[in-house]
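Structural overview
Okay, here's what each chain looks like letter by letter:
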Amino acid sequence: MAWGYFEWRPYISVAERRRMAARHVDKLRRKGRAVAPIVVEGRAIAKTFWGKAWCANLEAYSDYANRLPRGRTYVRNGSVIDLQIEPGAVRALVCGSEIYETDVDIAAVTARRWRAIAADCAGRIDSVVELLAGKLAQGVMDRLCSRERGLFPAPSDIDFTCSCPDSARMCKHVAAVLYGIGARLDERPELLFLLRKVDEKELIARAGEGLSRRPAPAGDVRVLGDDDTNLGAMFGIDIQPSPKRTKRARR
């Protein structure tokens, strides 16, 4: 039965959506398409620094505050069946009442902002490894994650479309994809730099271009860990600590 554009789709249970998603993924793979679903284990969508920082940045903007909760549910239950990150864009498939195509376009970091970031971080990042691990001095991470001057996009930098009939500016499928980006950054944090069209290696290279090595400001010697408290302070929001996973007893 074909449903009109303005009609509500019938409710489909999570179990049925998962079966639909599995069938569609299998079909795409048989056609030779590389599919990269978002798999979230437990309640925490992101567990590493960059993934958490991405999600915290989204939640810090009032523009998105009322639109994100259903996206969290969707990404947790495996509805984002494919998510591909490329320069300036994310292309995804989300399983709802049907399989929907969802695109998120994100503006590049401006050349002026990137030069400022590189200059401010010059001589203070020793390797790409520690950068991608988020294991840098607090001052450096604050600079990289600054809402106004850092790497993360503002709502005005993000455009999105979805093939679903929802007339909301941000539907639950788009919200799920935005959270899915955070989950993907857990696995491959370098994709944040690809998405914003900058090269993370330049933050290392600039240190050897004759720029004087800056002494670390007082209080800038702490290494930033993965805890939610630091991220909450960085973005000015309250973040609930990630629940600790417990082993299930075998039956």
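Please refer to the structure higher up on the page.
My aim in this report is to walk through the structure given alongside it, one point at a time. Each chain carries its own residue numbering, running from 1 in the direction its sequence is written. With pLDDT at 70 or above as the cut-off, local features in this predicted model cover only qualifying residues; side-chain atom pairs require 80 or more to be listed or tallied, and sums for whole chains, interfaces and linings still use all residues. Excluding hydrogens and water, the side-chain values take into account all heavy atoms of the structure.

**Brief notes about the pairing of strand 3 (residues 99-106)**
Side chains of strand 3 alternate between two faces, with Y100, T102, V104 and I106 buried and I99, E101, D103 and D105 left unburied. DSSP-based pairing: two strands are paired if at least 2 bridges between them are found. Helix and strand labels come from DSSP, where a helix needs a run of H or I of at least four residues and a strand needs a run of E of at least two; each type is numbered from the N terminus. Note: strand 2 (residues 89-95) against strand 3, 7 bridges, orientation antiparallel. Within strand 3, the position partnered with R91 by the bridge is D103. With 5 bridges connecting them, strand 3 and strand 4 (residues 158-162) associate as antiparallel partners. Whether a residue is buried, partly exposed or exposed follows from its accessible area with a 1.4 Å probe, protein chains only, as a fraction of its type maximum: under 20%, in between, or over 50%, in that order.

**Describing the sheet that holds strand 3**
In space, the 4 strands of this open sheet follow the order 1-2-3-4, with antiparallel pairing throughout. Single-partner strands in this sheet number two, and they are strand 1 (80-86) and strand 4. Between one strand axis and the next, the sheet turns through 15° on average, direction left out of account. Its contacts with the sheet place helix 1 (residues 14-30) against strand 1, strand 2 and strand 3, and it is angled at close to 125° to strand 2. An axis is simply a line fitted to the C-alpha atoms; with a helix, the fit covers only the stretch in contact. Between two such axes, the angle follows the N-to-C directions and lies from 0 to 180 degrees. We call two residues in contact whenever any of their non-hydrogen atoms come within 4.5 Å of each other.

**Comments concerning unusual backbone geometry**
Phi is positive for K197, close to 60°, though the residue is something other than glycine. For K197, the position within the fold is in the loop between helix 8 (190-195) and helix 9 (202-205). On the basis of relative accessible area, K197 is assigned to the exposed category, the value being 52%.

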